[in-house]
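Listed below, chain by chain, are the residues.
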Amino acid sequence: MGVQENIEHSAAERAKFREMKEGTAQDWAIIGSEYRAFAKGLPERVLEHLKLLDGDFGGFPVDRLQHSLQTATRAHRDGRGEQYVVMALLHDIGDTLGSYNHPEVAASIIKPFVTEEIHWICQNHGAFQGYYYFHFLGMDQNAREKFRDNPHFEACREFCEKYDQAAFDPDYESEPLEFFEPMVRRVMERPLASMYAAAMEE
C-alpha cells in the first residue's frame, strides 16, 4: 500500500466530527476500537519509559533504574504480591516528567490496577522517604506525620524502611528488568477500577 493510499485508508477509519458534540455512534465505535488496541499496549509503553531511568544517577550511588529494580527485587524476595512488586518497580517512574511531584505521577499510572493501599503507598512515599534526608535539605524530616491517622501509614512507612530507602546498594544483585516484565503485563492487563473500564469490553 502506497503512502497516499495509507493516508486515505487511515482517514477512512477516523471519526468525522470537528467537535465532540457532533459525534455519532459510528464515530465512537471507531474511537472505541482504537482505544482498546492502544490501551492494551500500556504495559510496553510503561516499560519503555522506565528504561529512561537507566544511567541517570542524579548524584545517587546507583542510577534510578537500578534503584527501581533493587526496590522491586527486595519486595519480591520478601514475598510481596505482584501488585506490590510492580508498584515498587514503578514508584519512581515519574522522576523524568514529574520532578516536583514524582510520586503522584507513578501513583496515577498504577491506580487502575492495584488496591487502594498499594496506590496510597505509591502516592505518598515521597513524604515518608523524606524521613531519611529532608533534614539535610532544610526541610521537615517529619513531614510524614501529617498522615499519622491514615490507615495506610504503617504500610507506607514499612515500604520506605524495608525496600525504598534500602535500595541504593551498588553491590546488591537485583533481578534484571526482564524478570519483572511479565508481572507488569499481568498487573496492567485489565483495570480493576477506572471510569473507562467499560470501554475495554468488546
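Residues numbered from 1 in each chain as written. Predicted model: local features only at pLDDT ≥ 70, side-chain atom pairs only at ≥ 80, totals over all residues. Heavy atoms only, no water.

## Let's talk about the nonpolar core
Here is step 1: Formed by 40 residues in total, the largest nonpolar core has its most connected members in Leu 50, Tyr 84, Met 87, Leu 89, Leu 90, Phe 128 and Phe 159.
Here is step 2: If you list the elements that add at least two residues to this core, you get helix H3 (42–50), helix H4 (64–77), helix H5 (82–90), helix H6 (102–110), helix H7 (116–129), helix H8 (153–164) and helix H9 (177–187).
Here is step 3: Ranked by residues supplied to this core, first place goes to H5 with seven residues.
Here is step 4: If we skip the residues at most four places from it in the chain, Phe 159 touches Thr 71, Tyr 84, Met 87, Ala 88, His 91, Ile 121, His 125 and Asp 164. (Core = buried A, V, L, I, M, F, W, Y, C linked by side-chain atoms within 4.5 Å. Buried < 20%, exposed > 50% of the residue type's maximum accessible area, 1.4 Å probe, protein only. Helix = DSSP H or I, 4+ residues; strand = E, 2+ residues; numbered from the N terminus. Contact = heavy atoms within 4.5 Å.)

## A few points about the side chain of Asp 95
Here is step 1: Within the element layout of this structure, Asp 95 appears in the loop between H5 and H6.
Here is step 2: Accessibility expressed as a relative area gives 18% for Asp 95, which makes it buried.
Here is step 3: Looking at Asp 95, its side chain comes within polar contact range of the side chain of Arg 64, at 3.0 Å. (Polar contact = N/O pair within 3.5 Å; in protein donor to acceptor, adjacent residues only side chain to side chain.)

## Quick look at the packing of H6 against H7
For any two helices packed against each other, the geometry is given by the interaxial angle and the distance between the axes.
Here is step 1: Across the interface, H6 lies against H7 with an axial gap of 6 Å and an inter-helix angle of 165 degrees. Overall, the two elements H6 and H7 adopt an arrangement that is roughly antiparallel. At the point where H6 passes H7, the crossing takes the right-handed sense. Between H6, through His 102, Pro 103, Glu 104, Ala 106, Ala 107 and Ile 110, and H7, the contact on the second element is made entirely by Ile 118, His 119, Cys 122, Gln 123, His 125 and Gly 126.
Here is step 2: When the residues that make up the contact of H6 with H7 are grouped by side-chain class, the tally is six nonpolar, five polar and one charged. (Axes fitted to C-alpha atoms, helices over the stretch in contact; angles between N-to-C directions. Parallel < 35°, antiparallel > 145°, perpendicular 65-115°, else oblique. Left-handed = near helix turned anticlockwise from the far one by under 90°. Nonpolar A, V, L, I, M, F, W, Y, C, P; charged D, E, K, R; others polar.)

## Some thoughts on the packing of H5 against H7
Here is step 1: At a minimum axis distance of 10 Å, the contact between H5 and H7 shows a crossing angle of 15 degrees. When the interaxial angle is binned, H5 and H7 end up roughly parallel. For H5 against H7, the interelement crossing comes out right-handed. Note on element contacts: H7 touches H5 through Ile 118, Ile 121 and Cys 122, opposite Gln 83, Tyr 84 and Met 87.
Here is step 2: Of the residues in the contact of H5 with H7, the class split is five nonpolar, one polar and no charged.

## Some remarks on the pattern of salt bridges
Here is step 1: Summed over the entire model, instances satisfying the criterion amount to 13 salt bridges.
Here is step 2: One salt bridge in this structure joins Arg 80 and Glu 158, with 2.8 Å as the shortest N-O distance. Taken as a pair, Arg 80 in the loop between H4 and H5 and Glu 158 in helix H8 lie far apart in primary sequence, 78 residues in all.
Here is step 3: On the basis of relative accessible area, Glu 158 is assigned to the partly exposed category, the value being 24%.
Here is step 4: Residues Lys 162 and Glu 158 are paired through a salt bridge, measuring 4.0 Å at the closest nitrogen-oxygen approach. Of this pair, Lys 162 and Glu 158 both sit in helix H8, separated by four residues, roughly a single helical turn. (Salt bridge = Lys/Arg side-chain N within 4 Å of Asp/Glu carboxyl O.)

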